[in-house]
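Results of the structural survey
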Amino acid sequence: MAYRFLSSRIVPSSNRLSRRIIFIFTISLCFMYLCYSILFCSGTIMPNQRLEDHRCVHLKNMGSKKLLQKSHYCTISAKARVISDETRAVGLLNQSKHSAFQKTQDVVDHKQSNNSNSPKYGNKKLPNALIVGVKKGGTRAVLEFIRIHPDVRALGTEPHFFDRNYDKGLDWYRGLMPRTLDSQITMEKTPSYFVTREAPRRISNMSRETKLIVVVRNPVTRAISDYTQTLSKKPDIPSFEELAFKNRSQGIVDTSWNAIRIGMYILHLENWLQYFRLSQIHFVSGERLITDPAGELGRVQDFLGLKRIITDKHFYFNRTKGFPCLKKPESSSQPRCLGKSKGRTHVQIDQEVIEQLREFYRPFNVKFYEMVGHDFRWD
Ligand code: A3P
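Residues numbered from 1 in each chain as written. Predicted model: local features only at pLDDT ≥ 70, side-chain atom pairs only at ≥ 80, totals over all residues. Heavy atoms only, no water.

Secondary structure summary: the protein contains 16 helices and 11 strands in total. Counting every position in the protein, which comprises 379 residues, the buried fraction comes to 39%. Once local pairs closer than 6 in sequence are excluded, the contacts in the protein between residues at least 24 apart make up 68%. Accessible area for the protein stands at about 22,500 Å²; split by element, carbon and sulfur atoms hold 55% of it. (Helix = DSSP H or I, 4+ residues; strand = E, 2+ residues; numbered from the N terminus. Buried < 20%, exposed > 50% of the residue type's maximum accessible area, 1.4 Å probe, protein only. Contact = heavy atoms within 4.5 Å. Areas by Shrake-Rupley, 256 points an atom, 1.4 Å probe, with all protein chains shown as cover.)

Right under this line is the structure:
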């Protein structure tokens, strides 16, 4: 039809040869147009996709702040991005396609939040449980071990809210917390709370139902550990003996020295018991935490009302470190021990000094055992 139409309209009285030439020319034009269309269409999608991928690779190398602002596009999976690009290019963003895109994006976000340390799901909540002490008792180990539980999310750093930062207010404090689902427990640890006079009152003002964990350790070993840590930062401080005694020959201990004072557990505990029931406080043995981490973590899980998920399968004993380590910590699939500042070689202290300090702590320890109903066998 087209051939006849063209031949009658354009060249009404031409010969056969010229008709054929016009027909072939027309067909060629059509073919060229078709090729051009195919090349043009693919050209608008493919190079852009590659450009975005390239941009995303660059973003991985940016600082965390910029990354947060700019990386949203890159968080969408390639599949979702194609849907997004298609809808933009074609301009046919109908409702069903839009919701399909949203769904894909939600799934991607959820997957990523499960893998990341700061998930995007849930809400920031004030902690339900706190590791309040004691310094050098093994608080970092308890926090790192308990946070592998899927129902626990913990702040990695020490916020020092109830001692140093209280004037910043509860909203500031809440803002520091990781996001949690309703079923999850929010935790933080700041070991100095245990010896801060105002801390129990302030914590009970936040919530009288807060669960408290105290990791206790032989107060003499704890004092030496504390001193070893200070010495590693300030090598010029006086000797342990000089700091520990007001008068060594008379055996008068300097209870104003923090390294000594912290270990008088019963005195601090009495302050806490003005605001909290004993059943709200769980004591972890710092010694058993090293010899039987799974046993101690089992009791911590019971106390927090959690299913016993952390078991001896999660730990192995690292001979080089001399401590139990995690087979799979929260943030990685690689086995991991605590850092160098945990498990230091202690400063050598004269045995006689150790005996004097044992004598000093004995009555405090006995009272403490009676109060908590457990003999930690430090004597
Ligand atoms: P030392 O360095 O004196 O050995 P905290 O985290 O409260 O500061 O306590 C530090 C102490 O945790 C260490 O004191 C160490 O004895 C103890 N600890 C308990 N379990 C540990 C573990 N698995 N790895 C390293 N240190 C651990």
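So, next bit.
Under the 1.5 Å per step criterion, the end-to-end length of helix α10 (residues 219-233) is 21 Å for 15 residues, consistent within 8% with the ideal 21 Å. Of all the positions in α10, only Pro219, Val220, Arg222, Ala223, Ile224, Ser225, Asp226, Tyr227, Thr228 and Gln229 are classed as buried. Tucked into the core, α10 has its buried residues touching α11 (240-244), α12 (258-261), α13 (265-272) and α16 (351-372). (Expected span 1.5 Å × (residues − 1).)

Right, let's talk about the site of the ligand for a bit. Around the ligand, a shell composed of 20 residues is seen, among which Thr139, Ser225, Pro324, Gly343 and His346 lie nearest. For the ligand, an oxygen atom lies 3.3 Å from a polar atom in the backbone of Lys136. Within the backbone of Gly343, a nitrogen or oxygen atom sits 2.8 Å from an oxygen atom of the ligand. For the ligand, the accessible surface in isolation is 570 Å², of which the surrounding protein chains cover 97%. When contributions to the shell around the ligand are tallied by element, the ones reaching two or more residues are α7 (139-146), α14 (286-291) and β11 (323-326). Broken down by element, the residue count for the shell around the ligand peaks at 4 residues, all from α7. Class assignment of the residues belonging to the shell around the ligand gives a composition of 8 nonpolar, 7 polar and 5 charged. (Near = heavy atom within 4 Å. Polar contact = N/O pair within 3.5 Å; in protein donor to acceptor, adjacent residues only side chain to side chain. Nonpolar A, V, L, I, M, F, W, Y, C, P; charged D, E, K, R; others polar.)

Turning our attention to the nonpolar core. By size, the foremost hydrophobic cluster in this structure holds 49 residues, and its most contacted members are Ile203, Phe240, Trp272 and Phe368. In terms of residue count, α16 provides more of this core than any other element does, 9 residues in total. For Ile203, the contacting residues outside a window of four places in its chain are Leu130, Val132, Phe162, Tyr193, Thr210, Leu212, Trp272 and Phe276. Residues Leu289, Ala294, Leu306 and Leu326 belong to the second largest nonpolar core, which totals 25 residues. (Core = buried A, V, L, I, M, F, W, Y, C linked by side-chain atoms within 4.5 Å.)

Overall, parallel pairing links the 5 strands, which are arranged β3-β5-β2-β6-β9 in an open sheet. With partners counted over all chains shown, the strands left at the sheet margins are β3 (152-154) and β9 (281-285), one partner each. Adjacent strand axes in the sheet meet at a mean angle of 25°, parallel and antiparallel pairs treated alike. Strand direction decides the pairing type here: strand β6 (residues 211-216) and β9, joined by 5 bridges, are parallel. When the sheet's bridge partners are listed, Val215 is paired in β9 with Val284. Its contacts with the sheet place α7 against β2 (129-133), β3, β5 (185-189), β6 and β9, and it is angled at close to 160° to β5. (Pairing = 2+ DSSP bridges. Axes fitted to C-alpha atoms, helices over the stretch in contact; angles between N-to-C directions.)

To continue, consider the side chain of Arg147. Relative to the elements of secondary structure, Arg147 occurs in the loop between α7 and β3. Take Arg147: its relative accessible area is 12%, and that puts it in the buried class.

Another aspect to go through is the packing of aromatic side chains. Summed over all chains, the structure comprises 23 aromatic pairs. Considering the side-chain rings of Phe162 and Tyr166, the 6.2 Å spacing of their centres and the 40° angle between planes classify their relative orientation as tilted. With relative accessibility at 0%, the residue Phe162 sits in the buried group. Geometrically, the ring pair formed by Phe283 and Phe368 is edge-to-face, given 5.4 Å between the ring centres and 85° between the ring planes. In this pair, Phe283 is assigned in strand β9 and Phe368 in helix α16, connecting sequence segments 85 residues apart. Comparing Phe283 with Phe368, the two get one shared label, buried. Three or more aromatic residues link up through ring pairs in this structure, and these residues are Phe161, Phe162, Tyr166, Trp172, Tyr173 and Tyr193. Lying over the aromatic face of Phe303, Lys211 brings its terminal NZ or CZ to 5.6 Å of the ring centre. (Phe/Tyr/Trp six-rings, centres within 6.5 Å; stacked < 30°, edge-to-face > 60°. Lys NZ or Arg CZ within 6 Å of the ring centre and 35° of its normal.)

Attention now moves to the state of the cysteines. Under the criterion given, the structure shown has 1 disulfide. Disulfide partner of Cys325: Cys337, at an S-S distance of 2.0 Å. One disulfide, between Cys325 and Cys337, carries an S-S torsion of 100° and so falls in the right-handed class. Of the two residues, Cys325 is situated in strand β11 and Cys337 in the loop between β11 and α16; the sequence distance between them amounts to 12 residues. Overall, Cys325 belongs to the buried group, its relative accessible area being 1%. (Disulfide = S-S within 2.5 Å.)

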